[in-house]
Amino acid sequence: MRGSAMPTEGGFTLVELLAVLAVIGMAGAAVALTLPGDEAMLVREAERFGARLVRAQEEAILGTRAIEVTATGDGYGFARQQFGRWEPLTERPFGNVLWEEGTRAQLPRGRAQATFRFDPVGLASAQSLVLARDDATMRVSVDSAGKVTVDAPR
């Protein structure tokens with residue numbers, strides 16, 4: 001009898017296909033879990049705004065001139081007091097910043113903006129601003145001593 005080897009056919013078995021689909025599914029789930037959600041984006045936005053407020057306070061102290069940060073529904077900008085009037089700051093790291101898409105600033109009732117002002121020794125006018133994204137909210141506050149805090153409202 002001659003070699004009765006069965007001819008082999010190319011292709012994948014059902015077990016191999018299921019194993020590949022399982023690996024692809026786990027990789028997709030891992031990617032989906034690491035994508036920033038709306039709440040993580042809001043936290044990042046609030047922390048970035050808080051850090052910029054701290055930088056504005058430092059600039060007021062180092063430059064010995066009052067610095068004002070004005071937040072609106074669209075974003076925020078910086079100004080320096082110069083001989084009794086406010087001049088916009090445009091050089092880095094200052095300049096106008098837009099809120100990320102989907103982030104809303106909840107402004108004080110009946111006002112079109114919230115103003116944070118730091119004097120040349122770092123003291124501030126107490127002010128807070130709530131940022132919202134879907135159902136999540138974060139509060140960025142400055143007390144009269146100039147301390148900036150970022151936290152979820154109670």
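Residues numbered from 1 in each chain as written. Predicted model: local features only at pLDDT ≥ 70, side-chain atom pairs only at ≥ 80, totals over all residues. Heavy atoms only, no water.

**A look at the pattern of salt bridges**
(1) Moving on: Inspection of the entire model under this criterion finds 7 salt bridges.
(2) Moving on: Here Glu 100 and Arg 44 are joined by a salt bridge, their closest N and O atoms 3.3 Å apart. Of this pair, Glu 100 sits in the loop between β4 (97-98) and β5 (104-106) while Arg 44 sits in helix α2 (residues 38-63), and the two are 56 residues apart along the sequence.
(3) Moving on: The exposure class assigned to Arg 44 is partly exposed, which follows from its relative accessible area of 42%.
(4) Moving on: Put simply, Arg 48 and Glu 45 hold a salt bridge, and the shortest N to O gap is 3.3 Å. Taken together, the residues Arg 48 and Glu 45, both in helix α2 and 3 residues apart, mark about one turn of the helix. (Salt bridge = Lys/Arg side-chain N within 4 Å of Asp/Glu carboxyl O. Helix = DSSP H or I, 4+ residues; strand = E, 2+ residues; numbered from the N terminus. Buried < 20%, exposed > 50% of the residue type's maximum accessible area, 1.4 Å probe, protein only.)

**Things to note about a nonpolar patch on the surface**
(1) Moving on: Taken together, the side chains of Leu 14, Leu 18, Val 20, Leu 21 and Ile 24 present a nonpolar region at the surface, about 520 Å² in accessible area.
(2) Moving on: Topologically, Leu 21 is positioned in helix α1 (residues 14-34).
(3) Moving on: A residue is classified by how much of its surface remains accessible, and Leu 21, at 58% relative accessible area, is exposed. (Patch = residues over 30% accessible without salt bridge, like charges linked within 9 Å, V, L, I, M, F, W, Y side chains within 5 Å. Areas by Shrake-Rupley, 256 points an atom, 1.4 Å probe, with all protein chains shown as cover.)

**Focus on the environment of Tyr 76**
(1) Moving on: Tracing the backbone shows Tyr 76 in strand β2 (residues 75-82).
(2) Moving on: Taking relative accessible area as the criterion, Tyr 76 reaches 3% and is therefore assigned buried.
(3) Moving on: Sequence separation between Tyr 76 and Val 97 is 21 residues; the distance between their C-alpha atoms is 5.4 Å.
(4) Moving on: If near-sequence neighbours (up to four positions away) are discounted, Tyr 76 is found in contact with Arg 48, Phe 49, Arg 52, Val 69, Thr 70, Ala 71, Gly 95, Asn 96, Val 97 and Trp 99. (Contact = heavy atoms within 4.5 Å.)

**Points about unusual backbone geometry**
(1) Moving on: With an omega dihedral of 5°, the bond running from Arg 92 to Pro 93 counts as a cis peptide bond.
(2) Moving on: Tracing the backbone through its elements, the reader meets Pro 93 in the loop between β3 (85-88) and β4.
(3) Moving on: For Thr 64, which is not a glycine, the phi torsion comes out positive at approximately 50°.
(4) Moving on: Tracing the backbone through its elements, the reader meets Thr 64 in the loop between α2 and β1 (67-71).
(5) Moving on: Residue classification places Thr 64 among the exposed residues on the basis of a relative accessible area of 56%.
(6) Moving on: At Asp 134, a residue that is not glycine, the phi angle is positive and equals roughly 55°.
(7) Moving on: Counting through the fold element by element, Asp 134 comes out in the loop between β7 (127-133) and β8 (136-142).

**Concerning the sheet that holds β7**
(1) Moving on: A sheet is described by the order of its strands in space; here 4 strands give the open sequence β5-β7-β8-β9, paired in antiparallel fashion. The open sheet has two edge strands, β5 and β9 (148-151), and neither has a second partner. In this sheet, adjacent strand axes meet at a mean angle of 25° when their direction is disregarded.
(2) Moving on: Here β8 runs beside β9; their pairing, made up of 4 bridges, is antiparallel. Opposite Val 140, over in β9, you have Val 150 as the bridge partner.
(3) Moving on: Along the sheet, α2 contacts β7, β8 and β9; its crossing angle with β8, the most-contacted strand, is approximately 10°. (Pairing = 2+ DSSP bridges. Axes fitted to C-alpha atoms, helices over the stretch in contact; angles between N-to-C directions.)

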